[in-house]
Amino acid sequence: MKPNFSLRLRVFNLNCWGIPYLSKHLADRMKRLGDFLNVESFDLALLEEVWSEQDFQYLRQKLLPTYPAAHYFRSGIIGSGLCVFSKHPIQELTQHVYTLNGYPYMLQHGDWFCGKAVGLLVLHLSGLVLNAYVTHLHAEYNRQKDIYLAHRVAQAWELAHFIQHTSKKADVVLLCGDLNLHPKDLGCRLLKEWTGLRDAYLETRDFKGSEEGCTMVPGNCYVNQQELEPFPCGIRIDYVLFKAVSGFYISCKTLKTTTGHDPHSGAPLSDHEALMATLCVRHSPPQHNPTSSHGPAERSPLVSVLKEAWAELDLGVAQARWWTSFAGYMIGLGLFLLAVLCALTAGGGVREVAILLGTPSVGLVLGAGAGYLFHMQEAKGLCRARAELQHVLGRVREAQNMGPESQPALLLEQQEGNRGEDQ
C-alpha cells in the first residue's frame with residue numbers, strides 16, 4: 001500500500017421505524033428511502049428497525065443496481081431489524097444477540113421479542129480491512145424511572161467487547177446505529193472509553209443538520225411530541241462512531257442529518273433523522289496513544305466509567321434477585337393453595353379434578369415459575385457482566401499504576417483475555 005494512501009468512505013445510517021401495520025406510511029417511506037439511497041449512492045447504508053423481511057427484500061431489489069451486496073440480520077421472534085447495503089463485496093458476516101433485552105411480560109414495549117443484536121460485516125477496500133458494525137440497543141421509555149437501564153448498560157458492555165474481540169485484524173472500525181443513549185449517558189461513555197471509538201458529530205470538520213446533531217426532533221411529524229417535551233431541541237441517540245488502527249488515521253470530513261424531512265421529497269423518511277457521514281482514511285496518524293492515561297488511576301475517565309457501570313449493574317443484580325425471590329414465594333403460595341384444594345377435593349371425581357386444574361392457584365404457580373426462571377437468568381446475565389467489569393477494572397488500575405510504559409501491553413492482554421475467563 002502506498003505511503004500516500006487515502007480513501008473516502010460515504011456512510012448512511014437510519015432507524016427506519018418499520019413496524020408492519022403500526023408505523024405510518026411505511027410503504028411510501030420505504031419507496032422514498034430506496035429512491036434516496038439510489039440517488040446518493042453511498043458506500044454503505046446501515047439500517048435499523050426494518051422489522052419486516054418483505055421490506056428488506058423490496059429494498060434489496062430496488063437497490064441492487066447501486067448496492068450489489070446486502071444482508072438481513074435475523075434473530076429473536078420478530079427479528080433484529082438490522083440490515084446493510086454495500087457498493088463493495090462483503091467478505092465476512094456475523095452477528096451477536098445481546099444476552100439481556102428487557103422483559104417478555106412488558107408486551108407494550110416489545111423489545112424482548114425483537115432479539116436486539118449487533119451485526120458485523122467485513123469489507124476489503126483497496127487493501128484496507130474495514131469492520132462495519134450496525135446495532136440497536138433497548139429503548140428508553142421513561143428517563144426518570146428507567147427500569148431497563150441495567151440491561152442497556154450490559155448491552156453497551158457486550159457491544160464494546162464484541163467490537164474489541166472481532167476487530168483485531170481490522171484497519172478501520174465503524175459503528176452505526178440507534179444506541180438509545182444520549183451522548184453523556186453511562187452506556188455511551190462506557191462504549192467509547194473501552195473501544196476508543198470517536199463520535200463523528202464531535203469530530204467532523206463540517207456539520208449540517210438539526211440543532212446539536214439531534215436525531216429525534218420536534219419538527220418531525222412522526223415523533224411523539226410529549227416524549228420530547230423535556231428536550232426542546234430534540235435528542236441525539238443515533239450515532240456514527242469510528243476509529244483507525246494499525247498505522248491509519250481516520251477523520252470525518254462532513255456529517256449531515258435530515259431535519260425532520262426528506263431532503264428530496266419533503267416528507268420524513270422515519271421518526272428518526274438520517275445520518276450521512278463522509279470519512280477519510282489515510283496513513284501517518286498523529287503520534288498519540290488513546291489508551292494512555294496521565295495522572296492518578298482513580299481519576300482516569302476509563303476507571304471512573306467502569307466503576308459507575310459496575311455500580312449500576314450491581315443495582316440491577318439486586319433487583320433481579322429480589323424478583324427471583326418474590327417469584328419463589330409466589331410459587332410456594334400457589335403450591336400451598338393447590339395442596340389445600342387437593343385436600344378439600346380428595347376422593348372427588350373427574351369434575352372436581354377439572355375444577356381444581358382451572359383454579360387461579362394453577363395459573364399462579366405457572367406464571368410465577370416462568371417469572372422465577374426468567375429473573376434467575378437475568379440475574380446470571382447481569383452477574384456475568386458485573387464480574388467482567390470488576391476484573392477489567394482491576395487490570396486497568398494495575399496497568400495505570402505501573403506507568404505509561406507498561407500500559408499498552410497490559411491493556412491489550414486484558415482486552416484479549418477477559419472474555420475467556422467466563423467461558
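The structure under discussion appears in the preceding block.
These figures come from a predicted structure and were not determined experimentally.

**Student:** Would you explain the overall build of the protein in this entry?
**Tutor:** The helix and strand tally for the protein stands at 10 helices and 13 strands. Counting across all 423 residues of the protein, residues that qualify as buried make up 52%. Contacts spanning at least 24 positions in sequence make up 74% of the contacts within the protein whose residues lie at least 6 apart. Surface exposure of the protein reaches about 19600 Å², of which carbon and sulfur atoms provide 57%.

**Student:** Explanation requested: the sheet that holds strand S5 (residues 90-97) in the structure shown.
**Tutor:** Strands in a sheet are paired, the pairing made by backbone hydrogen bonds, and the direction either parallel or antiparallel. Strands sit in the order S5-S6-S7-S8-S11-S9 across an open sheet of six strands; the sheet is mixed. Looking at which strands have only one partner, the edges of the open sheet turn out to be S5 and strand S9 (198-199). Where strand S7 (residues 128-136) and strand S8 (residues 172-178) come together, seven bridges link them in parallel fashion. Within S8, the residue paired with Tyr133 across the bridge is Leu175. Against the sheet, helix H5 (residues 186-195) touches S8, S9 and strand S11 (238-244), its axis set at about 10° to S11.

**Student:** Please explain the sheet that holds strand S1 (residues 6-18) as it appears in this structure.
**Tutor:** Reading across from one edge, S3-S4-S2-S1-S13-S12-S10 is the order of the seven strands in this open sheet, with mixed pairing throughout. Each of the sheet's edge strands pairs with one partner strand only, and the pair in question is strand S3 (69-73) and strand S10 (207-208). Summarising the sheet, S1 and strand S2 (residues 44-50) pair through six bridges and their orientation is parallel. What sits directly across from Gly18, in S2, is Val50. Packing of helix H1 (residues 26-40) onto the sheet brings it into contact with S1, S2 and strand S13 (275-283), and relative to S1 it is tilted by some 175°.

**Student:** I tried to follow the pattern of salt bridges on my own but got confused; where do I start?
**Tutor:** Oppositely charged side chains can pair when the atoms bearing their charge come close. Within the structure shown, the criterion is met by 17 salt bridges. Taking the shortest distance from any N to any O, the salt bridge between Asp35 and Lys31 comes out at 3.3 Å. Taken together, the residues Asp35 and Lys31, both in helix H1 and four residues apart, mark about one turn of the helix. Between Glu140 and Arg152 there is a salt bridge, with its nearest N and O atoms 3.6 Å apart.

**Student:** I would appreciate a short explanation of the packing of helix H4 (residues 149-166) against helix H9 (residues 360-401) in the present structure.
**Tutor:** For any two helices packed against each other, one specifies the inter-axial angle together with the distance between the axes. At their nearest, the axes of H4 and H9 sit 10 Å apart, and the two run at 55° to each other. For the element pair H4 / H9, the angle class is oblique. Crossing handedness for the pair H4 and H9: left-handed. Residues Ala150, His151, Ala154, Trp157 and His161 of H4 pack against Glu378, Leu382, Ala385, Glu388, Leu389 and Val392 of H9.

**Student:** Is there a simple way to think about the environment of Pro20 in this case?
**Tutor:** Tracing the sequence through the fold places Pro20 in the loop between S1 and H1. Residues Pro20 and Ser52, 32 residues apart in the sequence, show an inter-C-alpha distance of 6.7 Å. When residues no more than four places from it in sequence are discounted, the contact partners of Pro20 are Leu26, Trp51 and Ser52.

**Student:** Help me out: how do you make sense of the state of the cysteines in this one?
**Tutor:** Each disulfide is one covalent bond, formed between the sulfur atoms of two cysteines. Summed over the entire model, instances satisfying the criterion amount to zero disulfides. Note on Cys16: no disulfide assigned, nearest cysteine sulfur contributed by Cys83 at a separation of 6.4 Å. Considering cysteine sulfurs only, Cys280 is the nearest to Cys252, which forms no disulfide, with 8.3 Å between them. With a relative accessible area of 1%, Cys252 lands in the buried category.

**Student:** Help me understand a nonpolar patch on the surface in this model?
**Tutor:** Among the surface-exposed residues, Leu333, Phe336, Leu337 and Val340 lie close enough to one another that they form a single nonpolar patch of about 340 Å² accessible area. Locating Val340 in the fold gives a position in helix H7 (residues 301-344).

**Student:** Which parts of the structure should I look at to understand unusual backbone geometry?
**Tutor:** Of all residues except glycine, most have a negative phi; of all peptide bonds, most are trans. If you check the backbone angles, His25 has positive phi at about 50° while not being a glycine. Here His25 shows up in the loop between S1 and H1. Residue classification places His25 among the exposed residues on the basis of a relative accessible area of 52%. The backbone of Asn180 sits at a positive phi, close to 50°, despite the residue not being glycine. Along the chain, Asn180 turns up in the loop between S8 and H5.

**Student:** What am I meant to see in the packing of aromatic side chains here?
**Tutor:** Each aromatic ring pair is described using two quantities: the centre-to-centre distance and the angle formed by the ring planes. If you walk through the whole model with that rule in mind, you get 19 aromatic pairs. Centre to centre, the rings of Trp112 and Phe113 are 5.1 Å apart; their planes meet at 90°, and the pair counts as edge-to-face. Seen from their ring centres, Trp322 and Trp323 are 5.0 Å apart, and the 90° between their planes marks the pair as edge-to-face. Accessibility expressed as a relative area gives 34% for Trp323, which makes it partly exposed. Following the ring pairs from residue to residue traces out a cluster consisting of Tyr103, Tyr105, Tyr141, Tyr148 and Phe374. When the ring centre of Tyr222 is taken as origin, the NZ or CZ atom of Arg29, which lies over that ring, is 5.4 Å away.

**Student:** Sorry, what's going on with the packing of H4 against H5 here?
**Tutor:** Viewed as axis vectors pointing N to C, H4 and H5 meet at an angle of 15°, and their least axial separation amounts to 9 Å. On the basis of their axis angle, the class for H4 and H5 is roughly parallel. Where H4 crosses over H5, the handedness of that crossing is right-handed. Touching Val153, Ala156, Trp157, Leu159, Ala160, His161, Ile163 and Gln164 of H4 are Leu186, Gly187, Leu190, Leu191, Trp194 and Thr195, all from H5. For the contact of H4 with H5, a count of residues per class yields 10 nonpolar, four polar and no charged.

Calculation notes
- Residues numbered from 1 in each chain as written.
- Predicted model: local features only at pLDDT ≥ 70, side-chain atom pairs only at ≥ 80, totals over all residues.
- Heavy atoms only, no water.
- Helix = DSSP H or I, 4+ residues; strand = E, 2+ residues; numbered from the N terminus.
- Buried < 20%, exposed > 50% of the residue type's maximum accessible area, 1.4 Å probe, protein only.
- Contact = heavy atoms within 4.5 Å.
- Areas by Shrake-Rupley, 256 points an atom, 1.4 Å probe, with all protein chains shown as cover.
- Pairing = 2+ DSSP bridges.
- Axes fitted to C-alpha atoms, helices over the stretch in contact; angles between N-to-C directions.
- Salt bridge = Lys/Arg side-chain N within 4 Å of Asp/Glu carboxyl O.
- Parallel < 35°, antiparallel > 145°, perpendicular 65-115°, else oblique.
- Left-handed = near helix turned anticlockwise from the far one by under 90°.
- Disulfide = S-S within 2.5 Å.
- Patch = residues over 30% accessible without salt bridge, like charges linked within 9 Å, V, L, I, M, F, W, Y side chains within 5 Å.
- Phe/Tyr/Trp six-rings, centres within 6.5 Å; stacked < 30°, edge-to-face > 60°.
- Lys NZ or Arg CZ within 6 Å of the ring centre and 35° of its normal.
- Nonpolar A, V, L, I, M, F, W, Y, C, P; charged D, E, K, R; others polar.

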